[in-house]
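Working through the structure, step by step
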Amino acid sequence: MRALTSDVNEHRLRQLDVLFHPRSIAVLGASASLQKFGSRFLQALIDFGFKGKIYPVNSSGEDVGGLKAYRSVLEIPGEVDCADIMVPARYVPQALEECLAKGVKGAQIFSSGFAETGEEPGRELERSLKALSAKGIRIIGPNCFGVYCPASGQTLLPGGQFPKESGPVAFLTQSGGHAVEFARQADGRGIRFSKIVSYGNACDVNEADLLEYMLHDPETKIITMYLEGPRDGARFFRLLREMSTSKPVLIWKAGLTPAGSRAVHSHTGSLGGEAAVWDAVFKQTAAVSVSNLEEMGDTVEAFLSLPPNTGRRIGMVSGGGAIGVAAADACSKVGLEMEPLPPDVQEELRRVLPPAGTATRNPVDIGAPLVHPPLFHRVLEIVAGVDSVDTVIATQALFYVFRANGPLLAGRDAVDALMRSPVDVRDRFGKPVIVILPIGGEEVEAIDAERQRREARDAYRRNGIFSMTTLERATRAIANVVKYYERGGAPL
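Remember, predicted model here, so these are calculated numbers, not experimental data.

1. Some words on the overall build of the protein chain
What the protein chain contains, in helices and strands, is 18 helices and 16 strands. Rg of the C-alpha trace for the protein chain: 26 Å, near the compact-globule value of 23 Å for 492 residues, within the 12% margin. Dimensions of the protein chain, computed from the C-alpha atoms along their principal axes, are close to 85 × 50 × 45 Å. Relative to its 492 residues, the protein chain shows a buried fraction of 55%. Taking contacts inside the protein chain between residues at least 6 apart in sequence as the whole, the part at least 24 apart equals 74%. Surface accessibility of the protein chain: about 20100 Å² in total, with carbon and sulfur atoms responsible for 52%. A distance of 2 Å separates the average location of the 55 positive side-chain charges in the protein chain from that of its 58 negative side-chain charges.

2. Remarks on the pairing of strand β10 (residues 249–253)
Counted residue by residue, β10 has five buried out of five residues, so it is predominantly covered. Judged by which residues are buried, β10 turns out to be covered on both faces: V249, I251 and K253 on one side and L250 and W252 on the other are all buried. Inspection of the sheet shows β10 paired to strand β11 (residues 288–290) by three bridges, in the parallel sense. Bridging across to β11, I251 finds its partner in S289.

3. Looking at helix α8 (residues 233–243)
Looking only at α8, the buried set comprises G233, R235, F236, F237, L239, L240 and M243. Looking at the buried side of α8, the elements it contacts are α1 (10–14), α7 (207–215), β9 (222–227), β10 and α10 (275–284).

4. So, the pattern of salt bridges
With the rule as written, the count across this model stands at 35 salt bridges. The partner of E294 in a salt bridge is R473, and the shortest N-O contact between them spans 3.7 Å. Taken together, the residues E294 in helix α11 (residues 293–305) and R473 in helix α18 (residues 471–486) connect sequence positions 179 residues apart. The exposure class assigned to E294 is partly exposed, which follows from its relative accessible area of 35%.

5. A closer look at the environment of D47
Checked against the element boundaries, D47 lands in helix α3 (residues 37–48). Residue D47 is classed as partly exposed on the basis of its relative accessible area of 39%. In this structure, the C-alpha to C-alpha distance between D47 and G160, residues 113 residues apart in sequence, is 5.1 Å. Excluding its chain neighbours within four sequence positions, the residues that come into contact with D47 are G160, Q161 and K164.

6. Focus: the packing of α11 against α18
α18 packs onto α11 with a crossing angle of 60 degrees between their chain directions and a minimal axis gap of 9 Å. When the interaxial angle is binned, α11 and α18 end up oblique. In the packing of α11 onto α18, the handedness of the crossing is right-handed. Contacts between α11 and α18 involve E294, E295, D298, T299, A302 and F303 from the former and R473, R476, A477, N480, V481, Y484 and Y485 from the latter. Split into classes, the residues belonging to the contact of α11 with α18 amount to six nonpolar, two polar and five charged.

7. Considerations on the side chain of T391
Tracing the sequence through the fold places T391 in strand β14 (residues 391–395). Within the structure, the side chain of T391 is placed 2.9 Å from the backbone oxygen of G311, a separation counted as a polar contact.

8. A look at the state of the cysteines
Under the counting rule described, the total for this entry stands at zero disulfides. No disulfide involves C99; its nearest neighbouring cysteine sulfur is the one of C82, lying 8.8 Å away.

9. Section: the packing of helix α16 (residues 412–429) against helix α17 (residues 447–462)
The contact between α16 and α17 brings their axes to 11 Å, and the two run at 30 degrees. When the interaxial angle is binned, α16 and α17 end up roughly parallel. The handedness of the crossing between α16 and α17 comes out as right-handed. Where α16 abuts α17, its residues L418, M419 and P422 lie against A456, A459 and Y460. Tallied by class, residues from the contact of α16 with α17 come to six nonpolar, no polar and no charged.

10. A word on the sheet that holds β11
With mixed pairing, the six strands of this open sheet are ordered in space as β6-β8-β7-β9-β10-β11. Across the chains shown, the open sheet's two edge strands, defined by having one partner strand only, are β6 (146–148) and β11. Within the sheet, the average angular offset between the axes of one strand and its neighbour, ignoring direction, is 15 degrees.

Definitions and cut-offs
Residues numbered from 1 in each chain as written. Predicted model: local features only at pLDDT ≥ 70, side-chain atom pairs only at ≥ 80, totals over all residues. Heavy atoms only, no water. Helix = DSSP H or I, 4+ residues; strand = E, 2+ residues; numbered from the N terminus. Rg over C-alpha atoms; globule rule 2.2 N^0.38 Å. Buried < 20%, exposed > 50% of the residue type's maximum accessible area, 1.4 Å probe, protein only. Contact = heavy atoms within 4.5 Å. Areas by Shrake-Rupley, 256 points an atom, 1.4 Å probe, with all protein chains shown as cover. Lys, Arg positive; Asp, Glu negative; His and termini not counted. Charge placed at Lys NZ, Arg CZ, Asp CG, Glu CD. Pairing = 2+ DSSP bridges. Salt bridge = Lys/Arg side-chain N within 4 Å of Asp/Glu carboxyl O. Axes fitted to C-alpha atoms, helices over the stretch in contact; angles between N-to-C directions. Parallel < 35°, antiparallel > 145°, perpendicular 65-115°, else oblique. Left-handed = near helix turned anticlockwise from the far one by under 90°. Nonpolar A, V, L, I, M, F, W, Y, C, P; charged D, E, K, R; others polar. Polar contact = N/O pair within 3.5 Å; in protein donor to acceptor, adjacent residues only side chain to side chain. Disulfide = S-S within 2.5 Å.

Here's what the structure looks like:
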């Protein structure tokens, strides 16, 4: 962890290190039956490649997965840094007391049956966990999926096959399901994580603790959050006000409708919060509001690809008038600007475009979904060279090529030339160029074309070009990036 500022409680943050980088883990509730949650989680740890020692703990002392098991954490001969607890809720306090006696410094409580039940017995159990945590053990959970940290080899269930490479993104979530789903989706997007934390009911370690930790974590460049209801709202909002310009913080705030608030309370025992309050939070900080996992992933991709000079004045190059109209609508809805190009620029475009079926105002309609590479390249150059254009968006309907029986663009060389243009124009003018690569169809016959489209997307990604399947998704993500930098956000 980097050197901390004087107003940060360094000790409090360093207490959390053991949860992310333990040297040894005891898995309480792991038995020889692979049908048991604890056993499947232990196997996921083994498959993922946890770098430390793993100690199964179960009431019978029966060995698990080739590892010697113990009846109690107190019987383990070596030191135990962290305990992963998956026993029924009523046994969790006793398990924690034994962990304290053993000197365990961190615990993840996966078990449910606590405050989220809405019943007093569950709330009382959770209060007992909080009291035990105050005696010297930091707790994630209960009712959670715990920590995914590739650097230390920790994973979520069923994440034995999750990416083992670390990356710059942290995801903090009260939902275990969203933790698993975002990790799964991000794999295909090329997004890699420093850490994912599913923290559930947050009886001890809460969203403010984790946000503060990630804000000071040198491995984390972008922080993403799924938040139902903050346990320490005042501290959480203060952190956003004081530090949300140091790194992008993307928040999907759930439970802002009456129905959503009721669902939140039954999920983790949290209160959803008032929509007006959260509107004020996002207006007063550089935190970015997103509405679902898709937008969160899109915005992460945009931050990873787009430079800080990405601006809201858009120049659009499309093939077909209706696409241009959709682009104008999409930009307007998210606060991006698409003003007419200067008259001299429009005249220059008229000299290179066919006279019929084209338009030069902005969006620039090149007349067809696909054109020959030299014409496409020249139009991109003209638009990117306009002083009043900050950011260029271009559509490429490559599925027409990939699904054609014949080479519409005279072979693979022409396709490669078409795909080089956004990279070349970006490098020459120093402005971001975004590419829309629409999906060509949902029918079975489109599968091969879709594979090639995704290969094109990956090639753009390798070259630092942000691409999306639709204008709507692209413009939302671009607007999120623009707002962050306009509010003084620091570059990645």
